[in-house]
Amino acid sequence: MTGASLARPAPVTGENLAQITQEEFRNALARHAAGVVVVTARPESGPAGLTATSFTSVSLDPPLVSFYVAQSSLTLPGLREAPTFAVNVLGHDQAELASRFATRDVDRFAEPTRWSAGPAGEPLLDGAVAHLVCEWYTTHSVGDHWLIVGLVTGVRLGEGEAPLIYHRGAFGRFHPHSP
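Summarised in this report is the structure supplied together with it.

Reading the values: rules and limits
- Residues numbered from 1 in each chain as written.
- Predicted model: local features only at pLDDT ≥ 70, side-chain atom pairs only at ≥ 80, totals over all residues.
- Heavy atoms only, no water.
- Helix = DSSP H or I, 4+ residues; strand = E, 2+ residues; numbered from the N terminus.
- Buried < 20%, exposed > 50% of the residue type's maximum accessible area, 1.4 Å probe, protein only.
- Contact = heavy atoms within 4.5 Å.
- Areas by Shrake-Rupley, 256 points an atom, 1.4 Å probe, with all protein chains shown as cover.
- Patch = residues over 30% accessible without salt bridge, like charges linked within 9 Å, V, L, I, M, F, W, Y side chains within 5 Å.
- Salt bridge = Lys/Arg side-chain N within 4 Å of Asp/Glu carboxyl O.
- Phe/Tyr/Trp six-rings, centres within 6.5 Å; stacked < 30°, edge-to-face > 60°.
- Lys NZ or Arg CZ within 6 Å of the ring centre and 35° of its normal.

It is worth spelling out the overall build of the protein at this point. Tallying secondary structure elements over the protein gives three helices and twelve strands in all. Out of the 179 residues in the protein, the part that is buried amounts to 35%. Sequence-distant contacts in the protein: of pairs separated by 6 or more residues, those separated by 24 or more amount to 64%. About 11500 Å² of surface is accessible on the protein, with carbon and sulfur atoms providing 54% of the total.

There is a patch of nonpolar side chains on the surface, built from I20, F25 and L29 and spanning about 310 Å² of accessible area. For F25, the location among the structural elements is in helix α1 (residues 22-29). Residue class for F25 comes out partly exposed when judged on its relative accessible area of 46%.

On to the environment of F85, then. As for its placement among the helices and strands, F85 is situated in strand β6 (residues 84-89). Judged by relative accessible area, F85 falls into the buried class, the value being 0%. Taking the C-alpha atoms as reference points, F85 and P43, separated by 42 residues in sequence, lie 9.5 Å from one another. Residues in contact with F85, not counting those within four places in the same chain, are V39, T40, A41, F67, E122, L132, V133, C134, E135, W136, I148 and G150.

For the structure shown, the criterion picks out five aromatic pairs. Among the aromatic residues, those joined into a ring-pair cluster are F67, F85 and W136. Taking the ring centre of W136 as reference, the NZ or CZ of R80 above it sits at 4.5 Å.

Now the structure itself:
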């Protein structure tokens, strides 16, 4: 449609919003399969990282990606101290690594975690199917989470291609459908 603009939807109010419980919401979202990434950075205090399943592409020009982090995250302040971060797209055999980076009060970078330093020292996790090195682009408070948007400044593809998937509270592997 030439000259068309996007209309703003009506504001959400108690009158037009069905009330759901957090449990109902979680159960519905659990039916959505998501890829698994570990976001890492190297502030002066030492390497930091966390697991995210809310990762997505945002824009091709400029190349932007995003993920969400709970505002209660104890790891995010450390990540924010670094000027850059890396998104490590995990392979199908890296469920243990995803679990370790989702666990509080553990040294996520201790053995058996293996990594090498990226261009600005960002930890690039061994075995990841892809690494995206990013500069901080913008952050927004959204509900009880932060939306983090990164400008991709470098990409490194790993050896594998099969990603790790998170679905219904468990990690698994993607099996493509053959027509």
